[in-house]
Structure formats: C-alpha cells, structure tokens
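What follows is the residue order along each chain.
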Amino acid sequence: MRVPTDFGGLGSAGLVGVTRSRRSRQAVLRKDGQVLELIDTRVTFPAGGLRADAEVLAVVEVDRSEASTVDPAVRGAAAEVGALTGLVTTISPFHPVDHGWPDQGPDRGTVTIDGVTVEVVDAVLGATQGVNLLTATNIPVRRGEPGWAFVVVHVLAPGSPVPVVGRRVLLEVDAPYRESLCFGHTACHIAALALNAALADRWRKPVPTDGLGHPNFDGLALVSSRIRPDGARDVYRLGKSLRKRGFDATGLSVEAVAAAANGTLARWVEAGATIAVETEGPGLTDRRTWVCDLPDGQERIACGGTHLQSLDGVAAITVDLDVTDSELTMETEVTRS
Ligand SMILES: [Zn+2]
C-alpha cells in the first residue's frame, strides 16, 4: 500500500460515523459469552508465510455485502444460505483486503478443519473492542486505534463445516496466486518510481520527493491503486489541486512519458534490485515498510502488501499510460523470465 499523503481515512472522530449514515452491523462473538483478547492477528504473510497451524478464536457471521471481493457466483450462492462464515484465528498467513485502501486483494486458499479441507473465498479485515466484531466498511476506527484489535477474518465457502472455538485448523494460502500478486505489487511500486522520474521536469514548485530524489507525483496525485496477478492499474488526478501544487500537465504526451518510464524500468530490471518488507512487530496492524534498493537509490514506502524479494524472476516491467483532462491512468505489466 502507498496511501497518498492526503488520504484521510477515518480518524478516531470516525466513531461518530457510526451514528451517521454508516450501517453498523455487529456480529456477536463467541456464543459462550467470552470475549476476544485485544490482540491483533499474528500475520506471517509479510515474510512470505503460506501455511499456519492456528487456533480458532472466534466464528462469526460475515454479511455477504461485506465480502465484496468474493466471486459473484459465491456471493449469489450465499444469498440462498444466509450469511457467510468467518473464522478468526491466533495466527494467519492470509493477506486480507483493506477496506480503506483496497490496493491488494485478499489471498485465496484453504482451511482444513477436522481433516476436511474447505475453500477460503475471501479474507477481510475485522476489528473488535472485545465483545463484537465489525468487518470491512463497518469498522469505525482506523488501524491501530487504542482499545481495538484488528484481525484477519477468513471467509469460508458456503456450506463449509464450521469449527468450534478452541479447535486447531490448518490455514494454507494458494501459493501461485500469492506469487502473482507479489509480482504485481512490486512492479506497481517500481513503476510508480519510474513515473515520478519521467514527470520530474513538469513541476514548477518544490514538492516532497521520493527516495530517488524525484518530485513524488505518485504520492501527491494517486487516487486509486489495484494490484492484479502480474500487474496493476494506478489512477492519478490531474486537476486544479495538483496544478496549484505546481504540476504542469500542458501538452503532456503520454507516449513520451511512457517511453521514458519504460526506458528507466528496463535499466532497473537489467541491474536488479533487492527488496525487503521491514516489520515493527508480528501483528496485523504493526507498521510495515517496503524497502527497495534500485541503481538510482533506495525507496521506503509504508506498505501492508506482499512482495518479491528481488527482480530475479522478472524479464520486464512495462507501463502503458492513458490521459484525460482530469486523470492519468497507468497500466503496469510484468513479463516473467
Ligand atoms: Zn504497496
């Protein structure tokens, strides 16, 4: 993730949002009356984890409207059987989609319960103050809010057996799909740096720079980012506010900018890069930083996603740009070696 600098999200004032138009749906945890400890799910995906033997802490109902990333066919089936079942566990290798900045979608995979393997069709963010669990857009606070724990909610395919709280289960992530998102996410960040370099001479005022010293167009103009297998789409605003910051889009040739960015990317891929995700702790909301050493310098970006550790498996990263009066769209593609 690289949330733009002016991305507001929901502050603690967002609690007020519960009484606004925001729907608040509270799934009751643990019918035995116990409450969840206020500890974030321990996550292993930042270090590339794919399997975890975990204890079930809670079984919750997830409204299918909150499972927005689930295959429509599965959501349709869920309509017939009611809500979907979500599992909260002590530890998880699953990367959940972040409702606030949904750049990287959820991992896919399975959970094995009492010898029966069932599909995990979605992984969403949950938040609790101990008694109730809110999921996805119903979460009224931002990650890390004191008094709240953030958890991975593994959404099971409709009709799956449901484990009891306290039971151990085996969580396994679909490795090829995860890898394809790592290729896409890493390429997305590196392409953004190449775009910053290609647009550097269009700034008429000083603005914050990226780690390579170029004006951070990506950080200042990014509206949305979507990672897909071996690629990404990023949308940037080119409106009045960016013009006020000093960006001059007059006569912008997307062909020329794309050619410049692709030249930079070819040079970087040829030279190679080392990439790491630094973590401040094992919890879901502990700060994680993407660190990439490129020939032109080191970039550090706050990012909760999954990544490659080098460009060894990459033959090429290329971008294609499209522009309207108000937006620039960058499509990034990876070719594997
Ligand atoms: Zn990221």
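Since we're looking at a predicted model, the values are computed, not measured.

Engineer: Now, about the nonpolar core: what can you tell me, with residues and values included?
Structural biologist: By size, the foremost hydrophobic cluster in this structure holds 47 residues, and its most contacted members are Leu195, Phe217, Tyr236 and Leu328. Elements supplying a minimum of two residues to this core: α2 (175-198), α3 (217-221), α5 (254-271), β14 (288-294), β16 (314-323) and β17 (327-336). Here this core gets 10 residues from one element, more than from any other, and that element is α2. Dropping the residues within four chain positions of it, phenylalanine 217 is found in contact with Leu195, Asn196, Leu199, Trp203, Leu222, Tyr236, Leu238, Leu242, Phe247 and Leu328. Ranked by size, the runner-up nonpolar core spans 26 residues in total, among them Phe94, Val120, Leu156 and Val173.

Engineer: Outline the pairing of strand β11 (residues 222-228), supporting the account with residue identities and numerical values.
Structural biologist: One face of the sheet, then the other: side chains in a regular strand alternate in exactly this way. For β11 and strand β12 (residues 231-237), the ladder comprises six bridges, and the chain directions are antiparallel. Each residue of the ladder has a partner; that of leucine 222, found in β12, is tyrosine 236.

Engineer: Any details on the environment of arginine 142? Residues and values, ideally.
Structural biologist: Within the fold, arginine 142 resides in the loop between β8 (132-135) and β9 (149-156). Residue class for arginine 142 comes out partly exposed when judged on its relative accessible area of 46%. Considered as a pair, arginine 142 and glycine 100 are 42 residues apart in the sequence and their alpha carbons are 8.5 Å apart.

Engineer: I'd like a description of the sheet that holds strand β15 (residues 297-302), backed by residues and values.
Structural biologist: Pairing is antiparallel across the open sheet formed by three strands, whose spatial order is β13-β14-β15. The open sheet is flanked by β13 (274-279) and β15, the only strands paired with a single partner. Each neighbouring strand pair of the sheet contributes to a mean axis angle of 20°, computed without reference to strand direction. In this structure, β14 lies alongside β15, joined through six bridges in antiparallel fashion. Bridged to leucine 294 within β15 is glycine 297. Against the sheet, α2 contacts β13, β14 and β15, and its axis sits at roughly 60° relative to β14.

Engineer: Break down the pattern of salt bridges for me, citing the residues and quoting the values.
Structural biologist: Under the definition given, this model contains 13 salt bridges. Of the charged contacts, one joins aspartate 248 and arginine 204 as a salt bridge, the two residues approaching to 3.1 Å between their closest N and O atoms. Residue aspartate 248 is found in the loop between α4 (240-244) and α5, and its partner arginine 204 is found in the loop between α2 and α3; the two are separated by 44 residues along the sequence. For arginine 204, a relative accessible area of 54% translates into the label exposed. Through salt bridges with shared partners, a single network forms among Arg228, Arg233, Glu331 and Glu333.

Engineer: Explain the sheet that holds β17 to me, and be specific about the residues and the numbers.
Structural biologist: The antiparallel open sheet is built from four strands, whose spatial order is β11-β12-β17-β16. Of all strands in the sheet, those with a lone pairing partner are β11 and β16, marking the two edges. When the angles between neighbouring strand axes are averaged without regard to direction, this sheet yields 15°. The pairing of β12 with β17 spans seven bridges and is classified as antiparallel. Residue pairing for β17: tyrosine 236 is matched across the bridge by leucine 328. Sheet contacts for α2: β11, β12, β16 and β17; angle to β17, the most-contacted strand, approximately 130°.

Engineer: Please set out unusual backbone geometry residue by residue, giving values where relevant.
Structural biologist: In this model, aspartate 114 sits at a positive phi of 50°, which is unusual for a non-glycine residue. If you trace the backbone, aspartate 114 turns up in the loop between β6 (109-113) and β7 (116-128). In this structure aspartate 114 comes out as exposed when scored by relative accessible area, which is 53%. One non-glycine residue with positive phi stands out, namely aspartate 230, at about 55°. Note that aspartate 230 resides in the loop between β11 and β12. Judged by relative accessible area, which is 18%, aspartate 230 ranks as buried.

Definitions and limits used
- Residues numbered from 1 in each chain as written.
- Predicted model: local features only at pLDDT ≥ 70, side-chain atom pairs only at ≥ 80, totals over all residues.
- Heavy atoms only, no water.
- Core = buried A, V, L, I, M, F, W, Y, C linked by side-chain atoms within 4.5 Å.
- Buried < 20%, exposed > 50% of the residue type's maximum accessible area, 1.4 Å probe, protein only.
- Helix = DSSP H or I, 4+ residues; strand = E, 2+ residues; numbered from the N terminus.
- Contact = heavy atoms within 4.5 Å.
- Pairing = 2+ DSSP bridges.
- Axes fitted to C-alpha atoms, helices over the stretch in contact; angles between N-to-C directions.
- Salt bridge = Lys/Arg side-chain N within 4 Å of Asp/Glu carboxyl O.

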